[in-house]
Structure formats: structure tokens, C-alpha cells
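# Structural features, examined
So you can see what is in the structure, the chains are spelled out below.
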Amino acid sequence: IDSIVCYTVADPYSHYNWGKSMGNDFEKISFLADVDGEWAEEYDLKRDYTGASLGHRSERFSMIVEDGVVKSFNFVEDAEKDAETLLGQI
């Protein structure tokens, strides 16, 4: 595994502070912020949560990418089991 990336539709300041509050080692897990949801929208992952005062966000997903090619893509229904799902796909 070359890198682990946490992606969300959020601002980079929130990402940094979220990672910091969890004691994240930023050398091991990178945080990638899609500030305006452009990437999520391009891949039909953008969801509207304005009814819950959250604005637009991304559908939860995980994926394995090898040499720039998506080898596995999962919609995350149960976040606690997602790591197990990904490890089973390696």
C-alpha cells in the first residue's frame, strides 16, 4: 500500500483539524478536501444533505486504485466494516 487517503467534500482547514483531533499521522494518512464538491459531482457521488444543515456532500465510498486504475469501488453502508471489506479485496 503506497498511500491511504481520506476524501470528503469539506474545506482543508476542517480536514486538518479533524485529522489532528484523531491523532492522525499525516505521513501515513492523507486528507483530500473537495471544497466545492466538483469531483464528487463529476463522478455522480454528490448528495444533497441541506435538509440536515450539511449542504452538499459526497456519498460514502472506498476504493482501491492501482497505477491510476480503480480496481475496486465500494459504496460504504457500514463504516466499521469498510476496512475489512477493502482488505478482502487486496
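In case you missed it, the structure is sitting above this.
Note that the structure is predicted; figures quoted are calculated from it, not measured. (Residues numbered from 1 in each chain as written. Predicted model: local features only at pLDDT ≥ 70, side-chain atom pairs only at ≥ 80, totals over all residues. Heavy atoms only, no water.)

Bringing the overall build of the chain into the picture now. Looking only at helices and strands, the chain has 3 helices and 6 strands in total. For the chain, the succession of helices and strands along the chain, N to C, is β-α-β-α-β-β-β-β-α. Along the first, second and third principal axes, the C-alpha set of the chain runs to 35 × 30 × 25 Å. By residue count, 23% of the 90 residues in the chain fall in the buried class. Across the chain, the fraction of contacts at a sequence separation of at least 24, relative to all contacts at a separation of at least 6, is 33%. As displayed, the chain has an accessible area near 7000 Å², and 50% of this comes from carbon and sulfur atoms. For the chain, the centre of its 8 positive side-chain charges and the centre of its 19 negative side-chain charges are spaced 4 Å apart. (Helix = DSSP H or I, 4+ residues; strand = E, 2+ residues; numbered from the N terminus. Buried < 20%, exposed > 50% of the residue type's maximum accessible area, 1.4 Å probe, protein only. Contact = heavy atoms within 4.5 Å. Areas by Shrake-Rupley, 256 points an atom, 1.4 Å probe, with all protein chains shown as cover. Lys, Arg positive; Asp, Glu negative; His and termini not counted. Charge placed at Lys NZ, Arg CZ, Asp CG, Glu CD.)

Once that is clear, we can look at a nonpolar patch on the surface. Side chains of I1, I4, L87 and I90 sit close together on the surface and give an oily, nonpolar patch of about 500 Å² of accessible area. Along the chain, I4 falls in strand β1 (residues 4-8). (Patch = residues over 30% accessible without salt bridge, like charges linked within 9 Å, V, L, I, M, F, W, Y side chains within 5 Å. Salt bridge = Lys/Arg side-chain N within 4 Å of Asp/Glu carboxyl O.)

Turning our attention to the nonpolar core. The biggest cluster of nonpolar side chains holds 5 residues, and these are Y7, V9, A40, L45 and F61. Those residues in contact with A40 that sit more than four places away from it in its chain are Y7, V9, D34, L45, K46 and S58. (Core = buried A, V, L, I, M, F, W, Y, C linked by side-chain atoms within 4.5 Å.)

What follows is about the environment of R57. With respect to the helices and strands, R57 occurs in strand β4 (residues 56-58). Apart from residues no more than four positions distant in its own chain, R57 is found in contact with V9, L45, K46, R47 and Y49. For R57, the side chain forms a polar contact with the main-chain oxygen of V9, separated by 3.2 Å. (Polar contact = N/O pair within 3.5 Å; in protein donor to acceptor, adjacent residues only side chain to side chain.)

On to the side chain of N74. By secondary structure assignment, the location of N74 is in strand β6 (residues 69-75). At a separation of 2.9 Å, a polar atom in the side chain of N74 contacts the side chain of Q89.

Turning our eyes to something else, we now look at the pairing of β6. Every regular strand shows the same layout, with side chains that alternate between the two sheet faces. Across 6 bridges, the pairing between strand β5 (residues 61-66) and β6 is antiparallel. By the bridge assignment, F61 is partnered in β6 with F75. Hairpin connection, β5 to β6: the antiparallel pair is bridged by 2 residues, and D67 has positive phi, about 50°. (Pairing = 2+ DSSP bridges.)

Describing an aromatic ring pair means giving the distance of the ring centres and the angle of the ring planes. Applying the stated criterion across every chain yields a total of 9 aromatic pairs. For the pair Y7 and W39, a centre-to-centre distance of 5.2 Å together with 65° between the ring planes defines the contact as edge-to-face. Within this pair, whereas Y7 is found in strand β1, its partner W39 is found in helix α2 (residues 38-42), the two being separated by 32 residues in sequence. With a centroid separation of 5.4 Å and an interplanar angle of 20°, the aromatic rings of Y16 and F26 are classed as stacked. (Phe/Tyr/Trp six-rings, centres within 6.5 Å; stacked < 30°, edge-to-face > 60°.)

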